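Reading the structure
Below, each chain spelled out in residue letters.
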Amino acid sequence: MASPESVRRHNLSLLLRLLHQSGALSRSEIGAALGMTRSTIGELVADLRARGLVEEGDPARLGAPGRPSLVARPNPEGAAAITAEIAVNSLSAAVVGLGGRILHLVRVPHQPRRLAVDQTIEDVGTLIQTAMAAIPPGCWVAGLGIAIAGVVSRADGLVHFAPNLGWRDVPLGLLVAERFGASLPIVIANEADLGALAEHTWGAGVGVDHLIYVSSEVGVGAGVVIDGRPLVGAAGCAGEVGHVQVNPTGVRCRCGAIGCWETEIGGPALLRRAGRTERSYRGEAVTRLLREAAWGDPVALGAVEEVGRWLGSGLAGLTNVFNPQRVVLGGLLCDMWPLVEQIVQAELRGRVMAPALEVVDIRAAHLGADGPLLGAAELALARVLDEPTLVPSRSAERRSA
Ligand SMILES: [Zn+2]
């Protein structure tokens, strides 16, 4: 039988997770969500307050106006994660506090000449150091979470393959630990998996148990949530939908195969269809093309619509396989969505089995470009969310102050 102490620690974790995901809640709302008595909630809130993880007070002051009673909310400066994203076009680093609040964020272009491993680690390392310097005083740091556009093993941070960065078998976890010292727990995961996690926790997938998140920049990746849990796969690389062959007579992909989905719907595919051959892929060229398409430029619009058809046929396949309630589109696909929604829906109507078609709902991501950073924070913050007593109580200091 569980000891009273382990029950109490479990309840602290349940309460902190609830506030982390929901924001400010009154004690009666907490009681309804967790099925606990008011006195139990009062003791748990007092414990988390003493550790600096939760604030309690006047609803207007804590950003929940209109509530009749005291509210508790996560304290973003009580515990935080440092996060970074290594994308093909950009590098970024952030400090993300409890509740998913971004306390600091810097994003810079990932220079095409500096995609090599050592240069990337040097550049992203500088951003991470700036983020570390921005951590609020007294804030408990849960760890460093890194999102990367590649196939990565979470256990050791080994990047098996990142075709659009040109990386293969890079021990990123070890290299980052060497750079920042092994004392900071480091977790590294695929950016689409993290985008899915973030949208499921705070974005367009909240409360959805069957979710597919598909995002595109240069490559295309997906994160799949089934029965409320992320689909990981036997080798940890499930969701590599970008490398499913959709066009046997298509063009060669960076992975070496012909006609992968990302060669039909990624940013370079969009530019290619509009006849724009860029020496190196830049996000601004795609933004410009989407703007031209929105103004009705026939060449730009034709390219976008062709990508929309390939997007729709691929999403139809995923919908038939996974029967999701919701599909969330991130990155370039999110920006493109208003222009291709009709085309994608028509492809789905023509290809998806009726029961799956009836329940699926496709939406643009809510968290924009910050999704992978927020997902990386969620992974790193799991330590404190699972075990809030890792953070020492400050009550002794307060009494003496
Ligand atoms: Zn491929």
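Computed from a predicted structure; not experimentally measured.

1. Here's the deal with the overall build of the protein
When helices and strands are tallied, the protein shows 14 helices and 16 strands. In terms of overall size, the protein behaves like a compact globule, its C-alpha atoms giving a radius of gyration of 22 Å where 401 residues would be expected to give roughly 21 Å. On the principal axes, the C-alpha backbone points of the protein span a range of 70 × 50 × 45 Å. Put simply, the protein has 401 residues, and 52% of those count as buried. Nonlocal contacts in the protein, meaning residues at least 24 apart in sequence, comprise 64% of its contacts between residues at least 6 apart. Here the protein has roughly 17,600 Å² of accessible surface; of this, 53% comes from carbon and sulfur atoms. In the protein, the 36 positive side-chain charges and the 40 negative ones have mean positions that sit 3 Å from each other.

2. Focus on the coordination of the zinc ion
For the zinc ion, the full set of protein donor atoms is His243 (ND1), Cys253 (SG), Cys255 (SG) and Cys260 (SG), at a range of 2.0 to 2.3 Å. Around the zinc ion sit four donor atoms, and with donor-metal-donor angles ranging over 105 to 120 degrees the site reads as tetrahedral. In the primary sequence, the donor residues of the zinc ion line up as H-x9-C-x1-C-x4-C. Note that His243 is positioned in the loop between strand S14 (229-230) and helix H7 (262-265) and Cys253 in the loop between S14 and H7, a separation of 10 residues in sequence.

3. Remarks on the sheet that holds strand S9 (residues 158-162)
Read from one edge to the other, the open sheet built from three strands follows the order S8-S9-S10, with strand pairing classed as antiparallel. Of all strands in the sheet, those with a lone pairing partner are strand S8 (151-153) and strand S10 (167-171), marking the two edges. Mean inter-strand twist for the sheet, computed between neighbouring axes without regard to direction, equals 10 degrees. Across four bridges, the pairing between S9 and S10 is antiparallel. Note on S10: the bridge partner recorded for Leu158 is Pro171.

4. Notes on the packing of helix H1 (residues 4-22) against helix H13 (residues 371-386)
Packing of H1 against H13 leaves a shortest axis separation of 9 Å and a crossing angle of 140 degrees. Facing H1, whose interface residues are Ser13, Leu16, Arg17, His20 and Gln21, H13 presents Glu378, Leu381, Ala382, Val384, Leu385 and Asp386. Per-class residue counts for the contact of H1 with H13 are five nonpolar, three polar and three charged.

5. Remarks on the sheet that holds strand S7 (residues 140-148)
What the five strands build is an open sheet, ordered S6-S5-S4-S7-S11; its pairing is mixed. The sheet is open, and its two borders are formed by strand S6 (101-109) and strand S11 (186-190), each paired with just one other strand. Each strand axis lies, on average, 15 degrees off the axis of its neighbour in the sheet, ignoring direction. Sheet topology note: the strand S4 (residues 79-86)/S7 ladder contains seven bridges and is parallel. Residue pairing in the sheet places Ala79 in a bridge with Trp140 of S7. Here helix H4 (residues 117-133) sits on the sheet in contact with S4, strand S5 (90-97), S6 and S7, set at roughly 25 degrees to S5. Against the sheet, helix H6 (residues 191-202) touches S4, S7 and S11, its axis set at about 95 degrees to S11.

6. A short note on the packing of aromatic side chains
The way to describe two aromatic rings as a pair is by their centre distance and the angle between their planes. Evaluation of the coordinates by the stated rule reveals zero aromatic pairs. Stacked on the ring of Phe161, the Lys or Arg Arg168 has its end atom at 4.3 Å from the ring centre.

7. With respect to the pairing of strand S15 (residues 326-331)
Both faces of the sheet carry side chains from a regular strand, because those side chains alternate between them. Within S15, five of the six residues are buried, which leaves it mostly tucked inside the rest of the structure. Across six bridges, strand S12 (residues 211-216) lies against S15 in parallel orientation. Bridge pairing in S15 places Ser215 opposite Gly330.

8. Side note on helix H10 (residues 298-322)
It helps to recall that an α-helix has 3.6 residues per turn; residues three or four apart then point in one direction. Across its 25 residues, H10 extends 35 Å between first and last C-alpha, which sits within 8% of the 36 Å expected from 1.5 Å per residue. Trailing H10 by a residue or two, Asn323 shows a phi angle of about 50 degrees, which is positive.

9. Digging into the pattern of salt bridges
The tally for this structure, following the rule as stated, stands at 18 salt bridges. Note that Asp47 is salt-bridged to Arg8, the shortest N-O span being 2.7 Å. Linking Asp47 in helix H3 (residues 38-50) with Arg8 in helix H1, this pair joins segments that are 39 residues apart in sequence. Overall, Arg8 belongs to the partly exposed group, its relative accessible area being 28%. With a shortest N-O distance of 3.2 Å, Arg107 and Asp370 are connected by a salt bridge. Of this pair, Arg107 sits in strand S6 while Asp370 sits in the loop between strand S16 (361-364) and H13, and the two are 263 residues apart along the sequence.

10. Remarks on the packing of helix H9 (residues 283-294) against helix H11 (residues 332-351)
Between H9 and H11, the least distance of the axes is 10 Å, while the angle of their chain directions is 10 degrees. On the basis of their axis angle, the class for H9 and H11 is roughly parallel. In this structure, H9 uses Val286, Leu290, Ala293 and Ala294 to contact H11, whose residues at the interface are Leu332, Asp335, Met336 and Leu339. Residue composition of the contact of H9 with H11, grouped by class: seven nonpolar, no polar and one charged.

Definitions and cut-offs
Residues numbered from 1 in each chain as written. Predicted model: local features only at pLDDT ≥ 70, side-chain atom pairs only at ≥ 80, totals over all residues. Heavy atoms only, no water. Helix = DSSP H or I, 4+ residues; strand = E, 2+ residues; numbered from the N terminus. Rg over C-alpha atoms; globule rule 2.2 N^0.38 Å. Buried < 20%, exposed > 50% of the residue type's maximum accessible area, 1.4 Å probe, protein only. Contact = heavy atoms within 4.5 Å. Areas by Shrake-Rupley, 256 points an atom, 1.4 Å probe, with all protein chains shown as cover. Lys, Arg positive; Asp, Glu negative; His and termini not counted. Charge placed at Lys NZ, Arg CZ, Asp CG, Glu CD. Donors = N, O, S within 2.8 Å, 3.2 Å for Na, K, Ca; no water. Tetrahedral: all angles 85-135°; square planar, octahedral: opposite > 155°, others 65-115°. Pairing = 2+ DSSP bridges. Axes fitted to C-alpha atoms, helices over the stretch in contact; angles between N-to-C directions. Nonpolar A, V, L, I, M, F, W, Y, C, P; charged D, E, K, R; others polar. Phe/Tyr/Trp six-rings, centres within 6.5 Å; stacked < 30°, edge-to-face > 60°. Lys NZ or Arg CZ within 6 Å of the ring centre and 35° of its normal. Expected span 1.5 Å × (residues − 1). Salt bridge = Lys/Arg side-chain N within 4 Å of Asp/Glu carboxyl O. Parallel < 35°, antiparallel > 145°, perpendicular 65-115°, else oblique.

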